[in-house]
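So the chains spell out like this:
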Amino acid sequence: MKGHFNSPLENTQNIEVIIGDLKNNPKCPHGPTLLFSRRTKNETRQFFACAACRDRKMCNFFLWADEKENILKKKAALWENECIKYTKGVNHRKLFLALNKIKGLHPSKRIFCDTCCMLISDESGHTSHSLVKNVSDYQLEHPSEILKPLDNPKKEAQYLFSKQSTKSIVQFFKDLKYKNVICIGTPRIHEYISSECNDITSILLDIDSRFHTFFGPLQFCWFNSFNNYFFFKEGQQVFNDFLKSTNGENTVLITDPPFGGRIEPLVRTFKTISKNYANINGNHNVLPVFWIFPYFMEAQLLNYMPELHMLDYKVEYDNHLLFQNGPKGRKQGSPVRIFTTVDAKLIKLPSNLYKFCKFCCKWVSKENKHCKICKACTSKNGETYVHCLECQRCVKPNWKHCNACKRCTQPEHICMNISFNGSCFQCKEIGHRRNDCPQLMSQNHKKRKRNNAASGTKKKKIA
Ligand SMILES: C[S@@+](CC[C@H](N)C(=O)[O-])C[C@H]1O[C@@H](n2cnc3c(N)ncnc32)[C@H](O)[C@@H]1O
Ligand SMILES: [Zn+2]
Ligand SMILES: [Zn+2]
Ligand SMILES: [Zn+2]
Ligand SMILES: [Zn+2]
Ligand SMILES: [Zn+2]
Ligand SMILES: [Zn+2]
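Residues numbered from 1 in each chain as written. Chains lettered and ligands numbered in written order. Predicted model: local features only at pLDDT ≥ 70, side-chain atom pairs only at ≥ 80, totals over all residues. Heavy atoms only, no water.

**Concerning the overall build of the chain**
Put simply, the rule is: Under the scheme used here, helices are H or I runs from DSSP no shorter than 4 residues and strands are E runs no shorter than 2 residues, and both carry numbers assigned from the N terminus. Buried means the residue's accessible area, taken with a 1.4 Å probe over protein chains only, is under 20% of the maximum for its type, while exposed means over 50%, and partly exposed covers the values in between. Two residues form a contact once any of their heavy atoms are found within 4.5 Å. Surface accessibility in these figures is a Shrake-Rupley result with a 1.4 Å probe; residues are shielded only by whichever protein chains are displayed.
The helix and strand tally for the chain stands at 9 helices and 25 strands. Out of the 463 residues belonging to the chain, those deemed buried represent 48%. Taking the contacts inside the chain whose residues are at least 6 apart along the sequence as the reference set, 53% of them involve residues at least 24 apart. Accessible surface, the chain as shown: approximately 24,500 Å² in total, 52% of it carbon and sulfur.

What follows is the structure in structure tokens.
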């Protein structure tokens, strides 16, 4: 029963992820699998699948939930063996010793074998491999600059921040007086802080095992963010110790997950980390989050984590043309933004490209015009939005109000058709937007009824 439909970690319309306890889910080499529910015309059926790989070729774990007891009994040993095999080749302590030995050598004697992902001083045995010679101190501290970015869009697609964006983000952290940074899938932030900020500590949690070669056990934990899984037991302990060392203060979590991945499991992971942060330190402090994501994912993201809000800062990448400003990139600049739980009023954006809006009391893009009717700076995509009186909101400048559709939309569209690109955020059906979702309408209807009933009782009491 494999390979009949797209992998579930992508936001496939008829497949939902079920957020429950992971403890009893079967394990694949990437930790506890996730439980999904697949809806077809005739049935809804649940299954377990890998929490890391969106490509079946890389991890083909698949199990119908109703066949769990039966199949697992037969395959348990096989899967357990796969899990052991997956981590067996990695000895973090040994790699750390090798790193320190290499650091003690003159750069002219340092070689990185990309084929074996090893730092060596003697190329014998590696002559036919892909080698980087004369490895500098800077490269040792910035492995993302010598490692080839993983580019499998279905697994760990690595788009790396430009130097300027890395610096700006760390500057926001400095302005906010953070002293500890949890980098989840953000190696460039970790590298920059570790090598250039004496008064900030940082830890990297990432699924890319190649970082074992460059960071010690206290700086890097091999981690799957979709199921909060540390590939090595010690990793969980190291991370708890890190949380403890913060005293529950001045700490921030930054993450830049693959854009196509499911949001719900990530939100669960970050909430669990935030809870641990408070529990370990015996307080109720909430861990601030910086989540890097494209502006057009705003609705999806806020659906699962409404405490986030989007900043205007455009995050740029080195190895993604569309995510850059300037002549090579999009006219409106990168579409990637920062979503954060921190009050936007506290975050000063660089004054060469951003301005302070005195009405909103926050920094916004230069092209973002304050709308007196919406009482907000309403632009999202890097263009200047304009207000439509009929729609009662600001819209993209090239949109036109269509009387047939009763809303602003692209000038070329098929009237009365659903010009919205995709399915409803609420029920995942194609054919309507969340605003028009029958499910929500019936919920709202029930809520209204309840409210009316409640206010009725109140009135009665008052009377
Ligand atoms: C889009 S890149 C972000 C890199 C970031 N822009 C930087 O420059 O530091 C995604 C990162 O998340 C990591 N990643 C992908 N899937 C992951 C998972 N399931 N768990 C943890 N990390 C993951 C990748 O290895 C990669 O480092
Ligand atoms: Zn897997
Ligand atoms: Zn080699
Ligand atoms: Zn404003
Ligand atoms: Zn407006
Ligand atoms: Zn309109
Ligand atoms: Zn129309």
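That shown, we press on.
**Some thoughts on the packing of helix α4 (residues 163-175) against helix α5 (residues 187-196)**
Selection rule: Simply put, an axis is a line fit to the C-alpha atoms, just over the touching stretch for a helix, and the angle between two N-to-C directions goes from 0 to 180 degrees. Between 65 and 115 degrees an angle is taken as roughly perpendicular, under 35 as roughly parallel, over 145 as roughly antiparallel, and anywhere else as oblique. Should the near helix be turned counterclockwise from the far one by less than a right angle, the crossing is left-handed, whereas a clockwise turn marks it as right-handed. Side-chain classes are defined by residue name, with Ala, Val, Leu, Ile, Met, Phe, Trp, Tyr, Cys and Pro counting as nonpolar, Asp, Glu, Lys and Arg as charged, and the others, Gly among them, as polar.
As a packed pair, α4 and α5 sit with axes 10 Å apart at the nearest point and diverge in direction by 65°. It follows from the interaxial angle that α4 and α5 lie roughly perpendicular. Crossing of α4 over α5 shows right-handed handedness. Contacts between α4 and α5 pair Lys163, Thr166, Lys167, Ile169, Val170 and Phe173 from the former with Arg188, Ile189, Tyr192, Ile193 and Glu196 from the latter. Looking at side-chain class alone, the contact of α4 with α5 contains 6 nonpolar, 1 polar and 4 charged residues.

**Topic: the pattern of salt bridges**
In plain terms, the rule: Take a side-chain nitrogen of Lys or Arg and a carboxyl oxygen of Asp or Glu: if they are within 4 Å of each other, that pair is a salt bridge.
Under the definition given, this model contains 13 salt bridges. Among the salt bridges present, the one from lysine 271 reaches glutamate 307, with a minimum N-O distance of 3.1 Å. Here the residue lysine 271 occupies a position in helix α7 (residues 264-281), and glutamate 307 occupies one in the loop between α8 (298-304) and β16 (309-310), the gap between them amounting to 36 residues. A relative accessible area of 37% places glutamate 307 in the partly exposed class. Of the charged contacts, one joins lysine 314 and glutamate 367 as a salt bridge, the two residues approaching to 3.1 Å between their closest N and O atoms. Pair noted here: lysine 314 is in the loop between β16 and β17 (336-340) and glutamate 367 is in the loop between β19 (362-365) and β20 (370-371), with a separation of 53 residues, a long-range link.

**Quick word on a positive patch on the surface**
What counts here: Residues forming no salt bridge and having over 30% relative accessible area are the ones grouped into patches, like charges within 9 Å of each other and nonpolar side chains (Val, Leu, Ile, Met, Phe, Trp, Tyr) within 5 Å. Neither His nor the chain termini are counted; the positive set is Lys and Arg, and the negative set is Asp and Glu. Where a charge sits is defined by one atom per residue type, namely NZ (Lys), CZ (Arg), CG (Asp) or CD (Glu).
On the surface, Lys355, Lys358, Lys369 and Lys372 cluster together into a positively charged patch. Within the secondary structure layout, lysine 369 lies in the loop between β19 and β20.

**Looking at the coordination of the zinc ion (ligand 7)**
Here is the rule: Distances up to 2.8 Å from the metal define which N, O and S atoms are donors, and 3.2 Å serves for Na, K and Ca; water is absent from the atom set, so sites may look incomplete. A four-donor site is classed as tetrahedral when every donor-metal-donor angle falls between 85 and 135 degrees; four donors are called square planar, and six octahedral, when trans pairs exceed 155 degrees and all remaining angles lie between 65 and 115, with any other arrangement labelled irregular.
Around the zinc ion (ligand 7), the protein contributes the donor atoms Cys402 (SG), Cys405 (SG), His413 (NE2) and Cys415 (SG), which lie 2.0 to 2.6 Å from the metal centre. Classification of the site at the zinc ion (ligand 7) rests on its 4 donor atoms, whose angles at the metal span 97 to 124°, yielding the label tetrahedral. Mapped onto the sequence, the residues coordinating the zinc ion (ligand 7) show the spacing C-x2-C-x7-H-x1-C.

**A closer look at the sheet that holds strand β5 (residues 44-49)**
Keep this limit in mind: When DSSP finds at least two bridges between two strands, those strands are taken to pair.
Strands sit in the order β1-β4-β5-β6 across an open sheet of 4 strands; the sheet is antiparallel. In this open sheet, the two strands that pair with only one neighbour each are β1 (15-18) and β6 (62-64). In this sheet, neighbouring strand axes are inclined to one another by 30° on average, regardless of whether the strands run parallel or antiparallel. In this sheet, strand β4 (residues 34-39) lies alongside β1 in antiparallel orientation, the contact comprising 4 bridges. The residue bridging isoleucine 18 from the neighbouring strand is leucine 35, located in β4.

**Re the site of ligand 1**
Note the cut-off: One heavy atom within 4 Å of a molecule or strand makes the whole residue count as near it. Within 3.5 Å is the distance limit for a polar contact, defined as a pair of N or O atoms, with the added protein rule that one can donate a hydrogen and the other accept it, and that residues adjacent in sequence qualify only through two side-chain atoms.
Lining the immediate environment of ligand 1, one finds 20 residues, of which Tyr159, Phe161, Arg188, Asp206 and Asp256 sit closest. A distance of 2.8 Å separates an oxygen atom of ligand 1 from a polar backbone atom of arginine 188. One nitrogen or oxygen atom from the side chain of aspartate 256 is found 2.7 Å from a nitrogen atom belonging to ligand 1. When isolated, ligand 1 has an accessible area of 590 Å², and the protein chains bury 98% of it. The set of elements that each furnish at least two residues to the shell around ligand 1 consists of α5 and β12 (220-224). Residue composition of the shell around ligand 1, grouped by class: 10 nonpolar, 5 polar and 5 charged.

**Concerning the coordination of the zinc ion (ligand 6)**
Around the zinc ion (ligand 6), the donor atoms from the protein are Cys388 (SG), Cys391 (SG), His401 (ND1) and Cys408 (SG), and they sit 2.0 to 2.3 Å away. All donors to the zinc ion (ligand 6) come from one chain, and their sequence spacing reads C-x2-C-x9-H-x6-C. On the accessibility criterion, cysteine 388 (8% relative accessible area) is buried. Its relative accessible area of 21% is what places cysteine 391 among the partly exposed residues.

**Let's talk about helix α2 (residues 92-103)**
Using the following cut-off: Helix span, as expected, comes to 1.5 Å for every residue beyond the first.
With 12 residues, α2 ought to run about 16 Å at 1.5 Å a step, and its terminal C-alpha atoms sit 16 Å apart, in line with that. Buried-residue contacts for α2 involve β8 (118-120), α3 (137-141) and β12. Near the N-terminus of α2, the side chain that reaches the backbone nitrogen of arginine 93, with its oxygen 3.3 Å away, is that of asparagine 91.

**Observations concerning the pairing of β5**
As judged from the 6 bridges shared by β4 and β5, these two strands associate in the antiparallel manner. Among the inter-strand pairings, phenylalanine 36 is bridged to a residue of β5, identified as phenylalanine 47. Counting the residues in the hairpin turn of β4 and β5 gives 4 residues. Pairing between β5 and β6: 3 bridges, direction antiparallel. Within β6, the position partnered with phenylalanine 47 by the bridge is tryptophan 64.

**Some remarks on the side chain of asparagine 283**
Examined against the element boundaries, asparagine 283 turns out to sit in the loop between α7 and β15 (289-294). From its side chain, asparagine 283 meets the backbone nitrogen of asparagine 285 in a polar contact 3.1 Å long. Residues in contact with asparagine 283, not counting those within four places in the same chain, are Asn247, Gly248, Tyr277 and Ala278.

**Some remarks on unusual backbone geometry**
One non-glycine residue, cysteine 117, adopts positive backbone phi at about 50°. Mapped onto the elements of the fold, cysteine 117 is located in the loop between β7 (111-113) and β8. A positive phi angle, near 60°, is found at lysine 406, a position not held by glycine.

**With respect to the packing of aromatic side chains**
Counted only if it meets this: Each Phe, Tyr or Trp ring (for Trp, its six-membered ring) is paired with any other whose centre lies within 6.5 Å, and the angle between the two planes then decides the class: stacked below 30 degrees, edge-to-face above 60, tilted in between. Only when the NZ atom of a Lys or the CZ atom of an Arg is both within 6 Å of the ring centre and within 35 degrees of the ring normal do we say a charge sits over the ring.
For the structure on display, the rule yields 25 aromatic pairs. Between phenylalanine 211 and phenylalanine 220 the ring centres are 5.8 Å apart and the planes differ by 65°, which places this aromatic pair in the edge-to-face class. For phenylalanine 211, a relative accessible area of 1% puts it in the buried group. Measuring from centroid to centroid gives 5.3 Å for phenylalanine 270 and tryptophan 291, while their planes differ by 85°, and the two rings are edge-to-face. With phenylalanine 270 in helix α7 and tryptophan 291 in strand β15, this residue pair connects regions lying 21 residues apart in the sequence. One exposure class covers both phenylalanine 270 and tryptophan 291, and it is buried. Lying over the aromatic face of tryptophan 64, arginine 45 brings its terminal NZ or CZ to 4.0 Å of the ring centre. The aromatic ring of tryptophan 363 is capped on one face by lysine 348, whose charged end is 4.5 Å from the ring centroid.

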